[in-house]
Amino acid sequence: MTLHEHTVQVIDRFVYVAADDVLAEPLLRELEQEYDARYGEFFGEKASAEIRRYPVEAFSPEQGGAFVLLLRGGVPIAGGAYKRFDERTAELKRIWTSSAHRRQGLARRVVAELEAEAVRRGYTRAYLTTGPRQPEAKHLYFQTGYTPLFDTTLDPEEVVVHGFAKSLDDVPLDVAGITTAHDASLAVRSLNPSNRSLSPSKGDDRSLSLSKGERRSDEPFDKLRERAVKVVPTRHWWRWVLSALVAFVVLQFVWSLVTNQQYEWNVFAEYFFSQSVLNSLGVTLGLTVVSVIGGFVLGAVLANFRLSKSPLLSGAAYAYIWFFRSVPLLVQILVWYNLGYLYPTLGLGTPFTTDFWLVEFSTTTLITAFAAATIGLTLHQAAYFAEIIRGGILSVDQGQLEASAALGLPRRVRFFRIILPQAARAILPNFFNEVIGLVKGTSVVFVVALPELFYTVQVIYNRNQRVIPLLLVAVVWYAIITTVLSIIQFYVERHYARGAHRELPPTPIQRATAWIKLQWARLGDETGDDPLAAEKNRRHDTVLGSGS
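Residues numbered from 1 in each chain as written. Predicted model: local features only at pLDDT ≥ 70, side-chain atom pairs only at ≥ 80, totals over all residues. Heavy atoms only, no water.

## Description of the packing of aromatic side chains
Convention followed: The aromatic pairing rule takes the rings of Phe, Tyr and Trp, using the six-membered ring of Trp, and pairs them if the centres are within 6.5 Å, calling planes under 30 degrees apart stacked, those over 60 edge-to-face and the rest tilted. Buried, partly exposed and exposed residues are distinguished by accessible area as a fraction of the type maximum, computed with a 1.4 Å probe on protein chains only: under 20%, between the cut-offs, and over 50%, respectively.
Taken as a whole, this structure holds 25 aromatic pairs when the rule is applied. Ring centres of Y54 and F59 lie 6.4 Å apart, and the angle between their planes is 90°; on these two criteria the pair is classed as edge-to-face. Note on Y54: relative accessible area 11%, which makes it buried. Here F59 falls in the buried class, since its relative accessible area comes to 4%.

Spelled out as structure tokens, the structure:
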């Protein structure tokens, strides 16, 4: 345990208060604002009305409830509550973490505390509901061992109300019983126009009796089904036609790859891992790495010069960027390679003279083909990197800089800890785009006879006249490098997305795992004698018609 974690454990404490306690007001107010921002009037009324749905007494110990706050240094940073659902079940509500203390596992700690308190009060299971636009809440309950009471293969807004339950003792959860109680509670609420809440009320006798495992008639669902809206998928005819055409073209191309002998795949396989090609691939990657590092460092300096208040620095940076974006890369490389025509010798000595009394070099010896290519690529890329970095810095709200300055943070800390991490989200896509372009741009150095990938392939097919298979060797290697860079880009961007998204975008592995789980779940659609599965499948094509 780190010192920070030990400190947090020491100063954090749970306190039980009344639902209208002044300490709970900031959390509940933030929760109301969050509900309204996410749902608007999705439920037929302001979503924040849910906060005022129940009387304060419903969360009091006298009526089988509890309201807990997690305090840090005396300040509430998270909280939650539960009320009586039935004599054996506590219904969790109001679980919330302050926006200033997210991603610390506080909600998980609140849920664990509520469960422990419920057990102390004699409850044997926990039940809760959440809405379709709270994926982080569903993730929390899945991670803490709750069983979903809905069809997880359906669209979240088709399910509307997502119920969860968990056994708090050693007895396995009665999924059928609690699901029936959950469904009946929703049906009763949806059929009662005077109360649009989708949560079960304390005095709902049907919820109480059904939760004890007494499976009642399906009358509430029959009435609800009469008012339900049939879900009919939109027919995207043109999308289907275009998809069919694209599939036809792709299949036709794949067929030609297999049947057209002119591709000469045997020649492709012979040279793909040949020593000369692999050596040239190393030269291409070396040029790319050196040029990216040098160009990015120089570009960062130029970007700061452009943002400087000094007219000399700003003007010099602007002139550099203007010049190197104006001159074609091929021309720049040729100029550097032939610099000896302009300056036969280079050295250090007396300024504004050619008296190089400190050190002197022959220009043609100093600037080799590799050096000319590296200098040209680096200076060329620096101009573009400078504008990318400058644009990323300018994309950060000025208020961030003003707020950090008002806190008295040093300029270095403000830039590297506050501005740069936020600017990275705007910089990274364009940066990787330039890197990928540079990998392919290295092919222009063939003009100085540098044996990079494209030049080597040219030499080979000029010798054996196997043009297409050798060009395919270059194409496939460039595609492999681009694919690797694209994967790296995805994970780097995902890392810097933490400050902008509640949930990070799923990785390809997570997408594949979710798809496999979905297909596996669909294999269990045969209901047999399972009344719970039958009820889920019967509601597969309907949504609640209550508008809540």
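## Points about the environment of V161
Using the following cut-off: Working definition: helices are DSSP H or I runs of at least four residues, strands are E runs of at least two. Numbering for both runs from the N terminus.
With respect to the helices and strands, V161 occurs in the loop between α5 (156–159) and β7 (162–167). On the basis of relative accessibility, which here comes to 7%, the residue V161 falls in the buried class. Taking the C-alpha atoms as reference, V161 lies 5.3 Å from G131; in sequence the two are 30 residues apart.

## Some points on the layout of surface pockets
Put simply, the rule is: Cavity: a set of points on a 1 Å grid over the protein atoms alone where a 1.4 Å probe fits but cannot get out. Pocket: an open set with protein on both sides within 12 Å along at least five of seven lines, its lining residues, like those of a cavity, having an atom within 4 Å of a point. Grid points are joined across faces, edges and corners, and a volume is the space filled by probe spheres set on the points. Here the nonpolar group is Ala, Val, Leu, Ile, Met, Phe, Trp, Tyr, Cys and Pro; Asp, Glu, Lys and Arg are the charged ones; every other residue, Gly included, is treated as polar.
Quantified by volume, the second largest pocket comes out at close to 580 Å³. Residue lining of the second largest pocket: 14 residues in total, with L307, I393, L401, R411 and F415 positioned closest to the centre. Among the secondary structure elements, those contributing two or more residues to the lining of the second largest pocket are α11 (275–307), α15 (369–394), α16 (398–406) and α17 (411–441). A per-element tally of the lining of the second largest pocket places α17 first, with four residues. Looking at the lining of the second largest pocket residue by residue, the class counts come to seven nonpolar, three polar and four charged.

## Some remarks on the packing of α15 against α17
Heads up, the condition is: Only C-alpha atoms enter the line fits that serve as axes; for helices the fit covers just the stretch in contact. Angles between N-to-C directions range over 0 to 180 degrees. Oblique is the label for any angle not covered by the other classes, which are roughly parallel (under 35 degrees), roughly antiparallel (over 145) and roughly perpendicular (65 to 115). For any pair of crossing helices, the crossing counts as left-handed if the nearer helix is rotated counterclockwise from the farther one by less than a right angle, and right-handed if it is rotated clockwise. Residues are treated as being in contact if the distance between any of their heavy atoms lies within 4.5 Å.
Two elements in contact, α15 and α17, have axes whose closest approach is 8 Å; the angle formed by their N-to-C orientations is 140°. With respect to their mutual orientation, α15 and α17 come out oblique. As for how α15 packs across α17, the hand of that crossing is right-handed. Where α15 abuts α17, its residues L377, Q381, Y384, F385, I388, I389, G392 and I393 lie against F415, I419, A423, A426, I427, N430, F431, E434, V435 and L438. Partitioned by chemical class, the residues of the contact of α15 with α17 number 14 nonpolar, three polar and one charged.

## Description of the pairing of strand β4 (residues 89–97)
The condition is simple: Think of it this way: DSSP has to see at least two bridges between two strands before they count as a pair.
Among the nine residues of β4, nine are classified as buried, and the element is accordingly described as predominantly covered. Here strand β3 (residues 75–86) pairs with β4 via seven bridges, running antiparallel. Within β4, the position partnered with R84 by the bridge is A90. In this structure, the hairpin formed by β3 and β4 is closed by a connection of two residues. Across three bridges, the pairing between β4 and strand β5 (residues 125–130) is parallel. Looking at the pairing, E91 lines up with Y127 of β5.

## With respect to helix α18 (residues 453–464)
Going by this rule: To estimate the expected span of a helix, count its residues, drop one, and scale the result by 1.5 Å. Definition of a polar contact: a pair of N or O atoms within 3.5 Å, with one able to donate and the other able to accept a hydrogen when the atoms are protein atoms, and with sequence-neighbouring residues admitted only if both atoms are side-chain atoms.
Across its twelve residues, α18 extends 17 Å between first and last C-alpha, which sits within 8% of the 16 Å expected from 1.5 Å per residue. Residues L453, T456, V457, Q458, I460 and Y461 constitute the buried set of α18. In this structure, the buried residues of α18 make contact with α10 (265–272), α11 and α19 (467–496). Measuring from the backbone nitrogen of F454 back to the side-chain oxygen at the start of α18 gives 2.9 Å, which picks out E452 as the cap.

## Description of the side chain of R306
Within the secondary structure, R306 is located in helix α11. Not counting residues up to four positions away in its chain, the partners in contact with R306 are S314, A317, Y318, I321, E387 and R390.

## Side note on the nonpolar core
Spelled out, the test is: The set of buried Ala, Val, Leu, Ile, Met, Phe, Trp, Tyr and Cys residues whose side-chain atoms join them within 4.5 Å is what this entry labels a nonpolar core.
Counting 46 residues, the largest nonpolar core has F431, V445, L450, L453, L470, V473 and W477 as its most contacted members. Residue assignment for this core shows that the elements contributing at least two residues are α10, α11, α13 (329–337), α15, α17, α18 and α19. It is α17 that contributes the most residues to this core, eleven residues altogether. Apart from residues no more than four positions distant in its own chain, L453 is found in contact with V277, S280, L281, T284, A474, W477 and Y478.

## Let's talk about unusual backbone geometry
Not every positive phi belongs to a glycine, and R103 is a case in point at roughly 60°. Relative to the helices and strands, R103 is located in the loop between β4 and α3 (106–120). The phi torsion at Q465 lies on the positive side, around 65°, for a residue other than glycine. Here Q465 shows up in the loop between α18 and α19.

## Quick look at the pattern of salt bridges
Where we set the bar: The rule for a salt bridge is simple: a side-chain nitrogen of Lys or Arg has to be within 4 Å of a carboxyl oxygen of Asp or Glu.
This structure, assessed with the given rule, holds 13 salt bridges. R72 is the salt-bridge partner of D12, the closest N and O atoms lying 2.9 Å from each other. Of this pair, D12 sits in strand β1 (residues 12–16) while R72 is found in strand β2 (residues 66–72), placing the two residues 60 residues apart along the sequence. On the basis of relative accessible area, R72 is assigned to the buried category, the value being 17%. The partner of R306 in a salt bridge is E387, with the nearest N and O atoms 3.7 Å apart. With R306 in helix α11 and E387 in helix α15, this residue pair connects regions lying 81 residues apart in the sequence. This pair shows no difference in class: R306 is buried, exactly as E387 is.

In short, the description is geometric, and any link to function would need to be established separately.
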